[in-house]
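# A closer look at the structure
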Amino acid sequence: MSKLLKGKPVADDILQRTKNLVASLSAVPQVALVRVGVDPAAKGYQRSAANVLQQAGLKTVPVVFDSQITFSEFESQVTQLNEDQQIDAILLLEPLPESLPLDAVQDLLDPCKDIDGVTRANLGSTLSPRSGDLVPLTAAAVLELLNFYEFNLRGVEVVLIGDSLTVGRPLANLLLAQNATLTVCDKYTKQLFEHTVQAQLVITAVGQPNLLTADMVNKDTVVVDVGTNYDEAGKLVGDVDFAQVSQKVQAITPVPGGVGAITTALLAYRAARIASQGK
């Protein structure tokens, strides 16, 4: 069995830093959790995010809209949140109804309150990342994991599977900024295993169960699974055939219990940090 790169120790460290920061502030940071409609996934994430934020000492402000809200009405409401001095950070919960195009809605957010890093301004900061930038949250969580386990990326052969705008592409920029030697693969990549079997680090961020199998890695590979999927039994699984791959590689993240736990903890830390800059 390979070494498990568990997310909980990383998340615990981040949460402790968050609590210390919150304790130093004169006012409790407030985070608006914006949801449209009653989608179960959005409601579930709202609950888990609220739990972690409150655990860290922050206040959550649920902002829920009817699924029939028009774009202009939604824009007006988001503008009010942007201008509200009591709201330090805003988290936009997905999915959204078709009447609210995601890319247009994301850019309604004030980049300085965009805790998830989804605005184009924050996406663009990954090209030349600096400490404190609100880069996309999941991509940042992967770097937190690697840093915690003292994985030096300089010169490391990394294969990143997935080029989504919210994870793959920003993560690619962050890896390059750490001087990794990077190969990005997507659904058009031919003979994927020829890339992964030679890699020192493989990161999957696709959303396809069992995409990475044991024959696609070597004994020295480190695997970071960012995938979020549900199998036929409703169990949360990643992109990796964990049962087989974990018997072969040097180290691997579990799903659940890996990058996801870090993401929600980082959410809280960012909110506290944003508040500290303005209070």
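Scope of this entry: the structure provided in the associated data block.

So, how was this worked out
- Residues numbered from 1 in each chain as written.
- Predicted model: local features only at pLDDT ≥ 70, side-chain atom pairs only at ≥ 80, totals over all residues.
- Heavy atoms only, no water.
- Helix = DSSP H or I, 4+ residues; strand = E, 2+ residues; numbered from the N terminus.
- Buried < 20%, exposed > 50% of the residue type's maximum accessible area, 1.4 Å probe, protein only.
- Lys, Arg positive; Asp, Glu negative; His and termini not counted.
- Charge placed at Lys NZ, Arg CZ, Asp CG, Glu CD.
- Pairing = 2+ DSSP bridges.
- Axes fitted to C-alpha atoms, helices over the stretch in contact; angles between N-to-C directions.
- Contact = heavy atoms within 4.5 Å.
- Salt bridge = Lys/Arg side-chain N within 4 Å of Asp/Glu carboxyl O.
- 1 Å grid on protein atoms, 1.4 Å probe; cavity = no way out; pocket = protein on both sides within 12 Å on 5 of 7 lines; lining within 4 Å.
- Points joined across faces, edges and corners; volume = space filled by probe spheres on them.
- Nonpolar A, V, L, I, M, F, W, Y, C, P; charged D, E, K, R; others polar.
- Right-handed = clockwise from strand over helix to strand, strands pointing away.
- Expected span 1.5 Å × (residues − 1).
- Arc of directions from axis to C-beta.

## So, the overall build of the protein
- Secondary structure summary: the protein contains 10 helices and 11 strands in total.
- For the protein, the spread of C-alpha atoms along the three principal axes comes to 50 × 40 × 35 Å.
- The buried share among the 279 residues of the protein stands at 48%.
- In the protein, 22 positive and 30 negative side-chain charges are present, and the distance between their average locations comes to 6 Å.

## Looking at the sheet that holds strand S2 (residues 30-36)
- One open sheet accounts for three strands, arranged S3-S2-S4; its pairing is parallel. The open sheet terminates on both sides in strands that have one partner only, identified here as strand S3 (59-65) and strand S4 (89-92). Ignoring strand direction, the axes of neighbouring strands in this sheet form an average angle of 20 degrees.
- For S2 and S3, the ladder comprises seven bridges, and the chain directions are parallel. Paired with Val36 across the two strands is Phe65, which belongs to S3.
- With respect to the sheet, helix H2 (residues 40-55) is in contact with S2, S3 and S4, its orientation differing from that of S2 by roughly 175 degrees.
- Of the strands in this sheet, S2, S3 and S4 are in contact with helix H3 (residues 71-83), which crosses S2 at around 175 degrees.

## Considering the pattern of salt bridges
- Applying the stated criterion across every chain, the model contains five salt bridges.
- Here Asp107 makes a salt bridge to Arg120, at a shortest N to O gap of 2.5 Å. Residue Asp107 is located in the loop between helix H4 (102-106) and helix H5 (120-124), and its partner Arg120 is located in helix H5; the two are separated by 13 residues in the primary sequence.
- The salt bridge partner of Asp220 is Lys219, with a shortest N-O separation of 3.4 Å.
- The class of Lys219 is exposed, set by a relative accessible area of 60%.
- Three or more residues are tied together by salt bridges with common partners; here these are Asp13, Arg17 and Glu144.

## Focus: the layout of surface pockets
- The calculated volume of the largest pocket comes to roughly 1500 Å³.
- Lining the largest pocket are 45 residues, and of these Tyr45, Thr138, Val226, Thr228 and Thr263 lie nearest its centre.
- A total of seven residues in the lining of the largest pocket trace back to one element, the largest contributor, which is H2.
- Considering only residue class, the lining of the largest pocket consists of 24 nonpolar, 15 polar and six charged.
- Of the voids in this model, the second largest pocket is the one considered here, and its volume is about 390 Å³.
- If you trace the second largest pocket, you find 17 residues lining it, with Asp133, Val135, Ala140, Leu143 and Glu144 closest to the centre.
- Sorting the residues of the lining of the second largest pocket by element identifies helix H6 (137-148), helix H7 (168-177) and helix H10 (259-278) as the ones contributing at least two each.

## Points about the sheet that holds strand S8 (residues 222-225)
- Pairing is parallel in the open sheet, where six strands are placed in the order S1-S11-S8-S7-S5-S6. Each edge of the sheet is formed by a strand with only one pairing partner; in this case those strands are strand S1 (3-4) and strand S6 (181-185).
- Two elements, strand S5 (residues 157-161) and strand S7 (residues 201-204), share four bridges in a ladder whose sense is parallel. Residue pairing for S7: Ile161 is matched across the bridge by Thr204.
- Sheet strands touched by H7: S5, S6 and S7. Its angle to S5, the strand with the most contacts, is close to 170 degrees.

## Brief notes about the pairing of S2
- Across the seven residues of S2, seven count as buried, placing the element largely inside the fold.
- Neither face of S2 is left uncovered, since the one carrying Gln30, Ala32, Val34 and Val36 and the one carrying Val31, Leu33 and Arg35 both have all their residues buried.
- Tracing the backbone out of S2, into H2 and back to the parallel element S3 gives a crossover that is right-handed.
- The pairing of S2 with S4 spans four bridges and is parallel. Its bridge partner lying in S4, Ala32 is registered against Ile90.

## What to know about H3
- For H3, with 13 residues, the first-to-last C-alpha span of 18 Å sits near the 18 Å given by 1.5 Å per residue.
- Buried within H3 are the following residues: Phe74, Val78, Leu81 and Asn82. Looking straight down H3, one finds that the buried residues subtend no more than 100 degrees of arc, so they occupy a single side. Among the exposed residues of H3, those oriented more than 90 degrees off its buried face are Ser72 and Glu83.
- Buried residues along H3 sit against S2, S3, S4 and H4.

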